[in-house]
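Reading the structure
Take a look at the letters that make up each chain.
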Amino acid sequence: MKKPFSKLFNLLDKTGKHEEDKIELIPVESIVPNRFQPRRVFHGKSIKELAQSIEQHGLLQPITLRPIEEGMYEIIAGERRFRAMKSLHYENVESIIKYLTDQEAAVIAIIENIQRENLSPYEEALAYKELLSMEDITQKDLAISLGKSQSFIANKLRLLKLSNSVISALQNNEITERHARTMLSLDNDTQYEILKKVKQDELTVKDTELAVKNRLEQKNEQINFNDDVSFVMNDLDNDIEKLKARGFRVDYDRTEENAYHEVVIRIYK
């Protein structure tokens, strides 16, 4: 059986510059970003530094585009370069035109970013998820194709289960990937609680692991307490009903507050 990614990785050759490639000047206003771009965050500082380099040395490598409709092109490779040139108010961009399908364009955009190792951990996880959804492959196939272990792929994909608050902090480099991983066993509210503590107290990964462990233990104790109380209340209800069945007059009232349970029982003689 042919490995599904053997063909897909060969697509990267289509973005490389070949002798027959013709460099064309394409108007900036005719270019749109790649809809399959796995990168979610483009840091202004890095774009500015790239723009300064382009202004000083020129564009060393043309961007790669594909036609999507008459007079319009979509970026296949080089979105950072495009953004930098746009910030410099260039009217035209040196480009190489390739004719690719949607799937080919998506695969190339994702793999190019992964191979250049310039994605955040969360963006990388999204890219793996996207690749797995495009072809009938397993995590094992993907791991082999990327030269990674299967556990590496699986661990990256687990990051997608994090709460939005933790993902945002990870994307903005407020916490490390290892910090984020420690919170995977927590619900969303508790993740936010721990995240706040990590940022305020500048906790190390080890300190964060301890904070998570303590919080889980507290939660388990609380659950056990509530379970015990529920059993007691159920038994009490049954006992009250037994007294009433035997002819006793019983007034029974109970309320539950955040901090306590209150039970009032009057058994008349």
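Shown above is the structure to which this text applies.
Residues numbered from 1 in each chain as written. Predicted model: local features only at pLDDT ≥ 70, side-chain atom pairs only at ≥ 80, totals over all residues. Heavy atoms only, no water.

1. Description of the packing of aromatic side chains
Inclusion rule: In this scheme Phe, Tyr and Trp rings, the latter by its six-membered ring, pair at centre separations within 6.5 Å, and the angle between planes marks the pair as stacked below 30 degrees, edge-to-face above 60, and tilted otherwise. Put simply, a charge is over a ring when the Lys NZ or the Arg CZ is close to the ring centre, within 6 Å, and near the line of the ring normal, within 35 degrees.
Within this structure, the stated rule accounts for zero aromatic pairs. One cation-aromatic arrangement involves Lys 148 over Phe 152; the distance from NZ or CZ to the ring centre is 4.9 Å. Lying across the ring of Tyr 268, Arg 249 places its NZ or CZ 4.0 Å from the centre.

2. Thoughts on unusual backbone geometry
Rules: Numbering of helices and strands runs from the N terminus, with a helix taken as a DSSP run of H or I at least four residues long and a strand as a DSSP run of E at least two residues long. Relative accessibility under 20% of the residue-type maximum defines a buried residue, over 50% an exposed one, and the middle range a partly exposed one, all with a 1.4 Å probe and only protein chains included.
At His 89, a residue that is not glycine, the phi angle is positive and equals roughly 65°. You can see His 89 is positioned in the loop between α3 (79-87) and β5 (92-97). One non-glycine residue, Asn 173, adopts positive backbone phi at about 60°. For Asn 173, a relative accessible area of 60% puts it in the exposed group.

3. Describing a nonpolar patch on the surface
Applicable threshold: Like charges are joined within 9 Å and nonpolar side chains (Val, Leu, Ile, Met, Phe, Trp, Tyr) within 5 Å, but only among residues with over 30% relative accessible area and no salt bridge; these make up the patches. We get accessible surface area from the Shrake-Rupley algorithm with a probe of 1.4 Å; when it comes to residues, only the shown protein chains can shield them. A pair is scored as a salt bridge if a Lys or Arg side-chain nitrogen falls within 4 Å of a carboxyl oxygen belonging to Asp or Glu.
Taken together, the side chains of Phe 248, Val 263, Ile 265 and Ile 267 present a nonpolar region at the surface, about 310 Å² in accessible area. Look at Val 263 and you get partly exposed, because its relative accessible area is 35%.

4. A closer look at the pairing of strand β7 (residues 261-267)
Convention followed: If DSSP finds at least two bridges between two strands, the strands pair.
Bridge count for strand β6 (residues 250-256) against β7 is seven bridges, and the pairing is antiparallel. Residue pairing for β7: Asp 251 is matched across the bridge by Arg 266. Hairpin remark: β6 followed by β7, antiparallel, with four residues in the connecting loop.

5. Brief notes about the packing of helix α8 (residues 164-171) against helix α10 (residues 188-201)
Our working definition: Think of each axis as a best-fit line through the C-alpha atoms, taken over the contacting stretch in the case of a helix, with angles from 0 to 180 degrees between the N-to-C directions. Residues are treated as being in contact if the distance between any of their heavy atoms lies within 4.5 Å. Here the term charged refers only to Asp, Glu, Lys and Arg, the term nonpolar to Ala, Val, Leu, Ile, Met, Phe, Trp, Tyr, Cys and Pro, and the term polar to all other amino acids, Gly among them.
Two numbers describe how α8 lies on α10: the axes approach to 8 Å, and their chain directions differ by 35°. Residue-level inspection shows Ser 165, Val 166 and Ala 169 of α8 in contact with α10, the latter providing Gln 191, Tyr 192 and Leu 195. Of the residues assigned to the contact of α8 with α10, the class counts are four nonpolar, two polar and no charged.

6. Looking at the side chain of Asn 34
Heads up, the condition is: Polar contact is the term for a pair of N or O atoms within 3.5 Å; when the atoms are in protein, one must be able to donate a hydrogen and the other to accept it, and sequence-neighboring residues count only if both atoms are side-chain atoms.
With respect to the helices and strands, Asn 34 occurs in the loop between β2 (31-32) and α2 (44-57). Judged by its relative accessible area of 6%, Asn 34 falls in the buried class. Within the structure, the side chain of Asn 34 is placed 3.0 Å from the backbone oxygen of Ile 75, a separation counted as a polar contact. Setting aside its immediate chain neighbours within four residues, Asn 34 contacts Glu 74, Ile 75, Ile 76, Glu 79, Ala 105 and Ala 109.

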